[in-house]
Every structure is written in C-alpha cells, then in structure tokens.
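# Structural characterization, general
Given next are the chains, with one letter for each unit.
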Amino acid sequence: METLLQQIVNGLVVGSVYSLVALGYTMVYGILGLINFAHGDVMMIGALVALQAILFAQKMWPSLGPLALVGIGLVVSIPTCMLLGYVVERTAYRRLRNAPRLAPLITAIGVSFLLQTLAMIIWGRGYHSFPQLISTVPMQPIEGVFVTPVQITTLLVSAGLMAALLLVVNKTPLGRAMRATAENHRVASLMGVDANKIIAITFIIGSALAAIAGVMVASNYGIAHYTMGFLPGLKAFTAAVLGGIGNIGGAMLGGIVLGLVESIGAGYIETWSFGFLNSSYQDIFAFIILGAVLIFRPTGLLGERVADRA
Amino acid sequence: MNELAAVIPWLGTHKPRAARWVVIVLMITAPLIAAFFGRTWMRVLDFALLYVMLALGLNLVVGFAGLLDLGYIAFYAVGAYTWAFLASPHFGLHLPFWIVLPAGAAFAALAGLILGTPVLRLRGDYLAIVTLGFGEIVRIFMNNLNYPVNITNGPQGINALDPIIIFGWDISRNWQVTDNLSVNSLFFYYYAFLACVIGSVIFIQRMQVSRMGRAWAAIRDDDLAAKAIGINVRNVKLLAFSLGATFGGVAGGLFGAFQGFVSPESFSLMESIMVLAMVVFGGMGNLGGVIVGALILSFLPEVLRHHAVPLQQAVFGTVILDPEVLRLLIYALALILMMALRPAGLIPAHSRYSRPELLKAEPVPAEGRA
Amino acid sequence: MIRLLEARGIAKRFGGVQALSDVSLSINKGEIYGLIGPNGAGKTTFFNVLTGAYVADQGEFIFAGAELPRGKPHEVVARGIARTFQNIRLFRDMTALENVMAGHHIRMKANVWGILTQNRATREEERLATLRAYELLKYVGIERYADTISKNLSYGDQRRLEIARALATEPQLLALDEPAAGMNATETGQLRTLIETIRNDGVTVLLIEHDVKLVMGLCDRVAVLDFGKKIAEDVPAVVQRDTAVIEAYLGGAHHAH
C-alpha cells in the first residue's frame with residue numbers, strides 16, 4: 001500500500017511537469033496544427049540558462065538565499081526562452097505556414113537538433129549538477145510515504161500556472177483572440193485579429209511555461225544536460241495527445257494521467273511481467289500510450305469527435 | 001545511372017551520354033581515388049554506400065509514398081541484430097551469408113508489416129511521432145534484453161560478427177597479390193556494397209514506373225483522390241512501408257558484417273534523422289538527388305573532421321566546434337535550410353512514373369488525331 | 001429499362017445536422033441522371049455515401065444487382081462506380097498521362113515480383129495501360145498535354161483530365177460532382193458534348209450540378225434534394241414545373257439560375 005501511495009505521489013509530481021510542457025505543445029498544435037518538436041528543447045535551454053544565472057549570482061552575491069537564487073534563475077531564463085520561442089516561430093515556422101504538411105514538421109525536427117547542438121557548444125557534453133536550492137530532504141507525511149519540499153513546490157507551481165493560463169485563455173480578450181485564431185486563421189483575421197501576432201504570443205507563452213518546467217525538472221533531479229529536453233518533451237507531447245490535442249484542460253489531465261501510469265507502471269512492471277521486464281522499461285509506457293491513443297482514440301480523453309465534412 | 005548522370009552540371013543536360021560515362025568511371029574508380037587519400041577515406045566511402053542504401057529505402061517511404069517515418073533506423077537495427085544472432089559466437093550460430101542477409105531483410109519486412117498495420121492510417125505528423133516512438137521502443141529493448149535471458153547483450157552489444165563470405169571467399173581479408181602488393185578488403189566491401197546499391201536502384205526504378213509507383217505518388221499527392229480511383233490505400237502504404245523496411249534490413253545486415261560488432265548506440269534517433277536529412281537534402285522522391293544527398297552528407301562531416309578541426313586549432317588555438325558538433329550542426333541546418341529555401345531538395349527533378357516512349361512501341365491507331 | 005443503381009432509404013447525420021434523410025432513387029442503365037438542389041441540400045454527401053467515402057447511417061445501395069460495400073471506396077470503384085470532385089483533385093506532380101494511368105491501377109494486375117523481374121505479362125500490361133491512357137486523353141481532347149505536369153494545366157483541361165482518370169477505372173456509372181463549376185459558356189458547351197459522348201459510349205452518368213440550365217438540357221431524369229430530402233424525381237420538363245422545387249429554389253435565397 002505504501003508503495004502504491006508513493007508511486008502516486010511521484011506520478012503526480014512528474015505528471016504536473018508533463019502537463020506544464022504539454023500546454024506548450026497543445027497550444028501551438030491547436031493554433032497551427034504543428035507538432036513543435038523543438039518545444040522540449042526550449043525547456044532544456046530554460047534549465048541551462050537558469051543554471052548559468054544561478055551560478056553567476058552565487059559567485060557575485062554569495063550571501064543570497066536559495067529562494068532569491070531560484071528567482072534570479074527564473075527571471076533570466078523565462079525571458080530568454082520567450083525570445084527563443086519567438087525567434088524560432090518568426091524565422092523557421094512562419095514562412096512555412098502554407099507549405100505542404102510535412103515541411104514544418106521536418107523543420108521542427110531540425111530546430112530541435114539545432115538547439116541541442118547549440119547547447120552542446122555552449123554548455124558542453126557533460127552533465128551539470130543543478131544546485132538543489134529547494135530542499136530535497138524527504139518528509140514523511142504518512143508512514144512509509146516520502147515527499148520532498150521541491151516536489152511539493154513543483155506541484156503547487158504547476159497547478160498555479162495552469163490555473164492562470166486557463167484564466168487567460170477563457171477570460172481575457174487575448175484568450176478570445178487565441179481561441180478565434182485556433183478556430184480559423186482567415187476568419188479571425190477578417191474579424192480584426194492579427195493572427196501572426198497571436199501565433200507569436202502563443203509561442204512566447206508556451207516557451208515561458210517551458211522555461212519554468214525546465215527549472216523544476218532540473219531542481220528535482222539535480223541535473224541539467226543538453227539532451228534533457230528530448231524525452232520529457234516527447235512524453236509531454238504524449239500527454240497532450242492523451243488529453244486531446246488542442247485542448248488545454250486535456251493537456252493538464254493527460255500529463256497527470258501519464259505521470260501516474262508511468263510511475264505506477266514502473267513500480268509494478270517487474271511483478272506483472274513475472275520478472276522479465278524491469279523498471280528500465282519505464283519509458284515504453286509513454287510510447288505505447290501515444291500509439292494506442294492515436295490509433296484508437298485520436299481525439300484523446302477530452303476531445304470531441306469533429307465531423308470531417310468535405 | 002541516368003538519374004545520376006543528370007545531376008552533373010552542364011554535362012548532364014548537354015551531353016547525357018558523356019555524363020553517363022563519367023558516372024560509370026567514377027563508380028568504378030571511387031575506391032582508388034579514396035585510397036589515394038588514405039584508408040580512412042575508403043572506410044568513409046564504404047559507409048557512405050550503406051547510407052545510400054538507407055536513404056534509398058527511406059526515400060521509398062517518405063519520398064514516394066509521403067509517409068514520414070522517424071523510426072526508420074529500427075529496421076536497420078533489425079537487419080544488423082539478425083546478422084549478430086545468426087552469424088556470431090553470441091549464440092554460436094554461423095549461418096552462411098545467403099541465409100543471414102535474406103533473413104535480416106525478411107525480419108525487417110515483417111517488423112515493417114507489424115508496425116505498419118496499425119499505424120499507417122494515421123495522418124502524416126501523427127505517423128511521424130508514432131514511428132519515432134517505435135524506434136525508441138526497439139532501442140530500449142536492445143539495451144535491456146540482456147536480462148533475465150541474455151538476448152541482445154545489452155548496451156555492450158554483440159562482438160565478432162562473421163564477415164561476408166561469398167562462395168568461400170572471405171571479403172574481409174586483404175588479398176596478398178605479391179609480397180609487397182595487397183588489395184585491401186575495403187575494396188571488396190566497396191564493390192559488394194556497390195552491387196547492392198545498383199540492385200536497389202534498379203528495383204526501385206522499376207517499382208517507380210509501375211502501377212505501384214503511381215499508386216504511391218497518388219496517395220502522396222492526394223489520399224482522397226487515390227481512394228476515389230480505387231487504390232487500396234492501406235495495402236499500398238503497407239507495401240511501401242515494408243519494402244522500405246526491407247532495404248533497411250539489408251543495409252543493417254551489411255553494416256553488421258562490415259563493422260564486425262553491433263550495439264544499440266548505432267541505432268539512435270539521431271541516425272534516423274541523419275538518413276532523413278540525406279533524403280530531404282538531395283530531394284525527396286528523386287533517386288539521383290537522394291543518392292547525391294546521401295553521399296554529400298556522409299562525406300561532408302568527415303571532410304570537416306579532417307580539415308575544420310586543424311583549421312580551428314590554427315586560427316583560434318583551440319577547438320571550438322568538435323567533429324561531432326559539426327556533424328550535428330550540418331544535419332540540423334540541412335533540414336531547416338532545405339525546407340526554407342529549397343523544399344524540393346538540392347536537385348529538384350520531375351520523377352517519372354510512366355514511359356511515354358511505350359506509345360511509339362507500336363503505332364497508335366490513326367483515327368481521330370485532332 | 002435496366003436498373004443500374006438503386007438507393008434505398010439512405011440517411012446520414014453529422015452531429016446535429018441531418019444531411020440526408022430517407023433518400024431513395026434509382027438510375028437506369030444508359031441514362032444521364034441529374035441530382036440538383038440548393039447549397040447544402042446534401043448532394044455531395046449523397047455522393048460521398050455512394051462512393052464509400054462515408055458510411056450511411058441507414059439504407060443501402062443496390063448496384064448492378066448486388067449491394068455495394070460500405071465505407072470501402074476502392075471496392076466501390078472495383079464494382080464499377082467512378083467519381084470526380086467538385087474542387088478538382090488531380091495528382092499534382094504527375095503528368096496528365098500518368099494521372100490517367102494511375103486511374104487504371106485497379107484494372108492492372110502486376111505484383112511486386114512481376115515488376116521486379118519485368119516479366120512479359122507486366123511489360124505488356126504496362127504498354128497497354130500507356131496506350132489506353134493516351135486514348136483516354138484523346139477521348140477527352142487533351143492528348144497534346146500528355147507529358148504536362150497536371151498542376152500546370154488550365155482549369156478546363158484539369159476538369160477533362162479528371163474525367164479521363166475516372167474513365168480509366170472502367171466504370172459502368174460515372175459520377176460527376178459539379179463538373180461545370182467555374183467554367184465559361186464555351187467550356188460548358190464542350191463539357192456537355194463530352195458527357196453526351198460518354199453516355200453514348202455506354203457509360204451511365206450521375207451528374208450533380210448547380211447549373212440548372214445544363215442539367216435540364218442534358219439529363220434524361222432529374223432528382224431534386226432539399227434539406228437532405230428528395231422532393232422530386234422525374235424528367236426535366238416535369239421537375240421544372242414542380243411547385244415544391246420552385247419553392248425550394250426561390251425560397252433558398254440566392255439561387256435564381
């Protein structure tokens with residue numbers, strides 16, 4: 001029982017990060033129909049830039065407290081990623097908006113690898129230890145179930161950000177413009193919405209969320225690395241698909257569900273497979289879910305079936 | 001051959017016959033030229049031919065049928081591991097070349113069928129991401145299937161694969177002609193691989209100019225219209241997918257035999273992306289372009305490795321961009337820049353799906369010539 | 001009169017919209033049958049259900065004496081029904097000749113082995129298919145563009161090419177979805193001649209059209225759809241005087257052809 005509870009706690013924490021990254025995928029997909037393959041790598045850049053800022057601040061002002069340092073990391077990395085998201089959209093994707101379907105996706109793959117390579121040039125190939133500014137000393141709220149302050153922070157921050165995003169999308173003029181653009185670019189343009197601007201803003205918001213997610217991932221694992229965006233990115237995309245791509249609430253739900261499945265699955269896979277498979281196979285859950293959802297229920301958990309009338 | 005000849009600037013368009021001879025002579029003498037620069041370059045050349053095969057196979061899927069497969073390298077892995085299982089000390093099996101290579105091709109084709117059957121009805125971008133997932137799953141299994149039963153030997157991979165032995169002739173041995181003249185085995189590998197490439201090209205060309213090739217182009221251009229003229233879209237896609245996989249399997253087997261060992265590391269997503277970059281760079285759907293793309297993108301990183309690094313040393317006193325970084329940079333930029341500037345590839349050309357000359361093979365009935 | 005196609009009680013619903021309700025009609029062999037109706041009346045939906053692009057919620061099609069498969073476009077084509085599209089859908093990167101040859105796919109037999117070995121049967125089949133495709137181009141009058149990439153053809157020629165491609169599937173019933181859309185008077189006249197020729201050569205034609213004048217002049221019989229229901233079916237002269245039809249067209253705002 002403790003194991004299960006423990007796996008649920010872990011799953012919720014990982015899942016909340018997936019949700020946060022999934023929002024970026026789902027918003028862009030909702031508006032452009034593009035799988036922004038490079039989104040996970042924006043998250044990676046966010047983590048590494050934050051690391052750089054924190055190390056710099058530690059050296060300059062050794063007396064700063066841990067929270068201030070995290071704050072500095074975020075204050076530097078969020079705008080950097082926002083700029084990065086904007087630049088990528090403006091230079092690589094915008095010109096392909098009317099190109100054949102596969103072209104933007106191939107470009108996105110190229111951008112993903114380009115970002116990884118640039119990170120490799122700047123930060124090298126090694127693993128960087130990320131200062132664990134928020135305590136990772138486990139607490140035991142229930143006998144046998146451990147949870148760390150950094151995990152709690154991650155959960156709370158993710159929940160807060162998602163609530164804020166829902167508010168923006170549903171209650172503000174900007175949100176309305178975004179929804180209109182997602183519905184139909186041309187019509188939105190006719191109604192006076194500057195579709196280009198809205199698309200750019202979508203990339204910027206998604207990138208900001210990715211930057212925060214990057215800092216949280218790095219804080220949780222205590223490591224930052226130029227490939228750290230790939231797998232979480234792919235899993236976040238899976239979460240977006242699972243929830244119903246294009247659907248913001250779905251991305252949140254999908255992230256949590258995927259986190260739970262993965263974590264519980266990893267805990268029990270050995271028992272289920274009679275010892276044949278072990279937790280090294282954790283990553284295949286995401287891929288299998290991805291394939292299964294796309295094949296059997298492409299609209300995801302929350303998506304509605306849209307009649308494809310010619 | 002004509003496709004390649006057409007690629008040569010000026011000569012290709014003005015003197016196609018001469019251009020064809022240039023291609024033939026180059027194909028035959030390439031290893032000699034490479035040998036002149038050193039044995040490393042002969043190795044690079046041999047590997048380049050393997051990449052040509054991979055690119056040809058992926059082109060069948062992406063370029064002809066318009067199905068973006070990001071897990072293509074998994075079929076290469078199936079071919080290579082088949083060779084490792086059936087022809088190495090790992091399981092103590094040493095089956096002959098002409099069983100192992102077809103077996104690798106068959107397993108790869110089977111893997112293509114098994115993956116393709118459920119996923120091929122997915123739309124383009126979804127298909128891409130699911131095949132990527134498949135590639136990763138295959139890699140995870142390669143990495144972990146050493147426990148509880150050792151099948152793949154995990155991350156260490158499998159060593160001492162049997163070389164290619166054709167009618168008792170081990171082509172991995174240098175041939176000692178006289179005491180001070182020996183022919184390096186890399187020559188033999190080159191010609192063996194070249195034979196496979198030529199065979200592949202002939203096969204693919206024949207497929208292209210056939211009802212299947214036209215059906216692939218049809219579903220690529222317009223899925224709905226293809227259905228409306230009675231093409232069984234699912235079967236035709238499945239055929240392209242598993243034929244492409246077959247090429248991957250053959251190339252994988254040759255790779256295993258050539259390199260002598262296999263490990264999961266050789267079959268990462270990066271390799272799939274590299275092959276994709278070759279196809280995109282040369283020109284999707286265009287055989288000559290794909291071959292040239294694969295050759296350029298195989299050689300360029302090696303050239304840079306040999307020249308850019310010493311150059312940086314000389315200019316900056318240190319190496320800023322190491323060869324691995326340069327390689328990644330080239331592939332990433334190839335994808336982005338080609339899509340932005342020349343989406344039809346380096347050598348855009350109209351692909352032929354018919355032979356209009358057949359109209360003259362027999363006189364067309366004379367009635368009603370308007 | 002031999003009955004070629006019979007639709008029995010076809011119904012199709014999209015979400016809250018009943019696109020077709022209980023549509024029954026029958027087409028005789030050798031006739032040109034028109035299907036008209038105001039925008040959104042369900043004509044194209046009927047086409048899509050007939051050709052297997054959609055599955056009907058209710059009802060069935062009897063074609064040449066047997067029920068048509070549901071939701072399997074390629075089998076419908078194999079049975080002998082070919083279609084064109086309202087917004088032309090050619091294979092853009094293929095030449096005109098290749099487009100027509102692609103249309104012949106379903107009547108060809110070559111398999112991978114035959115193609116690989118280029119055995120005699122495959123070579124002969126390919127040669128005949130090429131000749132046949134050229135004949136069809138000539139039939140619709142665009143053989144001089146055989147080697148032109150289809151996306152570079154003029155609008156009218158693209159329409160003709162699409163018809164040639166559909167004929168290459170060797171249909172008994174040719175279903176044309178607004179073939180005159182976007183054509184000028186001369187082109188429409190030529191199209192009319194072509195459709196009549198096709199019928200005279202033994203292919204039954206089902207024609208969806210906006211251009212009421214064309215339909216009334218060309219068709220042997222006409223059915224009128226309105227809000228997914230069949231409101232009339234008869235020879236043009238009768239349908240033209242039908243009050244329900246006049247009501248549908250005049251009430252349906254902008255249609256006053």
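Residues numbered from 1 in each chain as written. Chains lettered and ligands numbered in written order. Predicted model: local features only at pLDDT ≥ 70, side-chain atom pairs only at ≥ 80, totals over all residues.

### Section: the overall build of chain B
Just so we agree on the cut-off: Counting from the N terminus, the helices are the DSSP runs of H or I reaching at least four residues and the strands are the DSSP runs of E reaching at least two. This radius of gyration counts C-alpha atoms alone. The globule rule is 2.2 Å times how many residues there are, raised to the power 0.38. Buried means a residue has 20 or more other C-beta atoms within 10 Å of its own C-beta, exposed means 12 or fewer, and partly exposed covers the counts in between; C-beta atoms are placed from the backbone. Working definition of a contact: two residues with C-beta atoms, positioned from the backbone, lying within 7 Å.
A count of helical and extended segments in chain B gives 15 helices and six strands. Its C-alpha atoms give chain B a radius of gyration of 22 Å, within 12% of the compact-globule value 21 Å for 370 residues. Of all 370 residues assigned to chain B, the portion counted as buried reaches 52%. For chain B, the proportion of contacts with a sequence separation of at least 24, taken over those separated by at least 6, is 72%.

### Thoughts on the overall build of chain A
The number of helices and strands found in chain A is 11 helices and four strands. A globule of 310 residues ought to have a C-alpha radius of gyration of about 19 Å, and chain A, at 20 Å, matches this closely. Here the C-alpha coordinates of chain A stretch approximately 60 × 55 × 35 Å along the principal axes. Taken over 310 residues, chain A has a buried fraction of 48%. Of the contacts made within chain A by residues no fewer than 6 positions apart, 75% connect residues no fewer than 24 positions apart.

### Quick notes on the pairing of strand E5 (residues 175-178) of chain B
Residues and elements named next belong to chain B. The condition is simple: Whether two strands pair comes down to DSSP finding at least two bridges between them.
The pairing of E5 with strand E6 (residues 181-183) spans three bridges and is classified as antiparallel. In the strand pairing of E6, Trp 175 is matched with Val 183. Following E5, the chain reverses through two residues before pairing antiparallel with E6.

### Digging into the pairing of strand E2 (residues 17-28) of chain C
Residue and element names in this part refer to chain C. The pairing of strand E1 (residues 3-14) with E2 spans eight bridges and is classified as antiparallel. Bridge pairing links Ile 10 to Val 23 in E2. Between E1 and the antiparallel strand that follows it, E2, lie two residues; Gly 15 among them carries a positive phi value of about 55°.

### Focus: the sheet that holds strand E4 (residues 58-63) of chain C
Residues and elements named next belong to chain C. Condition: Between N-to-C directions, angles cover 0 to 180 degrees, with each direction set by a line fitted to C-alpha atoms, over the stretch in contact for helices.
Read from one edge of the open sheet, four strands run E2-E1-E4-E5, paired in antiparallel fashion. Of all the strands in the sheet, the pair left with one neighbour each is E2 and strand E5 (66-67). Here helix H1 (residues 43-50) sits on the sheet in contact with E1, E2 and E4, set at roughly 65° to E2.

### Thoughts on the interface of chain B and chain C
Counted only if it meets this: Charged residues are taken to be Asp, Glu, Lys and Arg, nonpolar residues to be Ala, Val, Leu, Ile, Met, Phe, Trp, Tyr, Cys and Pro, and polar residues to be all remaining types, Gly included.
Facing the 31 residues of chain B at the interface are 36 residues of chain C. Looking at the side of chain B that touches chain C, the elements that each hand over two or more residues are helix H8 (185-208), helix H9 (211-221), helix H10 (223-228) and helix H15 (358-361) of chain B. In terms of residue count, H9(B) provides more of the side of chain B that touches chain C than any other element does, seven residues in total. Within the side of chain B that touches chain C, the residues separate by chemical class into 18 nonpolar, six polar and seven charged.

### Here's the deal with the environment of B:Gly112
Residues and elements named next belong to chain B. Within the secondary structure, Gly 112 sits in helix H6 (residues 97-119). Owing to 28 C-beta atoms within 10 Å, Gly 112 belongs among the buried residues under this scheme. Once the C-alpha coordinates of Gly 112 and Leu 358 are considered, the two residues, 246 residues apart in sequence, prove to be 35 Å apart. When residues no more than four places from it in sequence are discounted, the contact partners of Gly 112 are Phe 75, Phe 241, Ser 242, Gly 244 and Ala 245.

### Side note on unusual backbone geometry
All names here are of chain C. Residues other than glycine seldom take positive phi values, yet Glu 170 does so here, at roughly 55°. Mapped onto the elements, Glu 170 comes out in the loop between helix H6 (155-167) and strand E7 (173-177). In this structure Glu 170 comes out as partly exposed when scored by C-beta crowding, with 17 C-beta atoms within 10 Å. Phi is positive for Phe 227, which is not a glycine, with a value near 50°. With respect to the element layout, Phe 227 can be found in the loop between strand E9 (221-226) and strand E10 (229-234). According to the C-beta neighbour criterion, Phe 227 is partly exposed, with 17 such atoms within 10 Å.

### Examining the confidence of the model for chain A
As a reminder of what qualifies: One confidence number per residue, pLDDT, is output by the predictor and ranges from 0 to 100.
With 97% of its residues at a pLDDT of 70 or more, chain A has an overall mean of 88. Confidence drops under a pLDDT of 50 for residues 305-310 of chain A, and excluding neighbours within four residues, the segment shows six contacts in the predicted structure.

### Some remarks on the sheet that holds E7(C)
All names here are of chain C. Read from one edge to the other, the open sheet built from six strands follows the order E6-E7-E8-E3-E9-E10, with strand pairing classed as mixed. Each edge of the sheet is formed by a strand with only one pairing partner; in this case those strands are strand E6 (81-83) and E10. On average, each strand axis in the sheet is tilted by 20° relative to the strand beside it, whichever way the strands run. Pairing between strand E3 (residues 32-36) and E9: four bridges, direction parallel. Residue Ile 36 lies in a different strand from E9, and its bridge partner there is Val 224. Across the face of the sheet, helix H7 (residues 185-200) comes into contact with E3, E7 and strand E8 (204-208) while running at roughly 145° to E8.

### What about the packing of helix H2 (residues 39-60) of chain A against helix H3 (residues 66-93) of chain A?
Residues and elements named next belong to chain A. Rule in force here: Orientation categories follow fixed angle ranges, with anything under 35 degrees roughly parallel, anything over 145 roughly antiparallel, 65 to 115 roughly perpendicular, and all other angles oblique. It is the rotation of the near helix from the far one that decides the hand of a crossing: anticlockwise by less than a right angle makes it left-handed, clockwise makes it right-handed.
The geometry of H2 relative to H3 is characterised by a closest axis approach of 8 Å and an angle of 140° between their N-to-C directions. Taken together, the axes of H2 and H3 lie oblique to each other. Crossing hand, H2 versus H3: right-handed. Note on element contacts: H3 touches H2 through Leu 69, Ile 72, Gly 73, Leu 74, Val 76, Ser 77, Thr 80, Cys 81, Leu 84 and Gly 85, opposite Val 42, Ile 45, Gly 46, Val 49, Ala 50, Ala 53, Ile 54, Ala 57 and Gln 58. A class-by-class count of the residues in the contact of H2 with H3 yields 13 nonpolar, six polar and no charged.

### A few points about the nonpolar core
What counts, and what does not: A set of buried Ala, Val, Leu, Ile, Met, Phe, Trp, Tyr and Cys residues, joined to one another through C-beta atoms within 7 Å, is what we call a nonpolar core.
Core analysis: the largest hydrophobic core is formed by 301 residues, its most contacted members being A:Ala47, B:Ala55, B:Ala240, B:Val275, B:Ala277, B:Met278 and B:Leu335. Sorting elements by how many residues they give to this core places helix H4 (residues 39-64) of chain B first, with 18 residues. If we ignore the near neighbours within four places in the chain, the residues touching B:Ala240 are B:Leu60, B:Val61, B:Phe64, B:Ala65, B:Leu67 and B:Trp216.

### What to know about the domain arrangement of chain B
Interfaces are frequently sized by the accessible area removed from exposure as the parts join. All names here are of chain B. What counts here: For every domain, the bounds stem from an assignment made automatically or drawn from a database.
Splitting chain B by domain gives domain 1 (1-37) and domain 2 (40-268). If you average the C-alpha positions of domain 1 and of domain 2, the two centres end up 26 Å apart. Counting residues at the interface gives six residues for domain 1 and seven residues for domain 2. Of the residues contributing to the side of domain 1 that touches domain 2, the split by class is six nonpolar, no polar and no charged.

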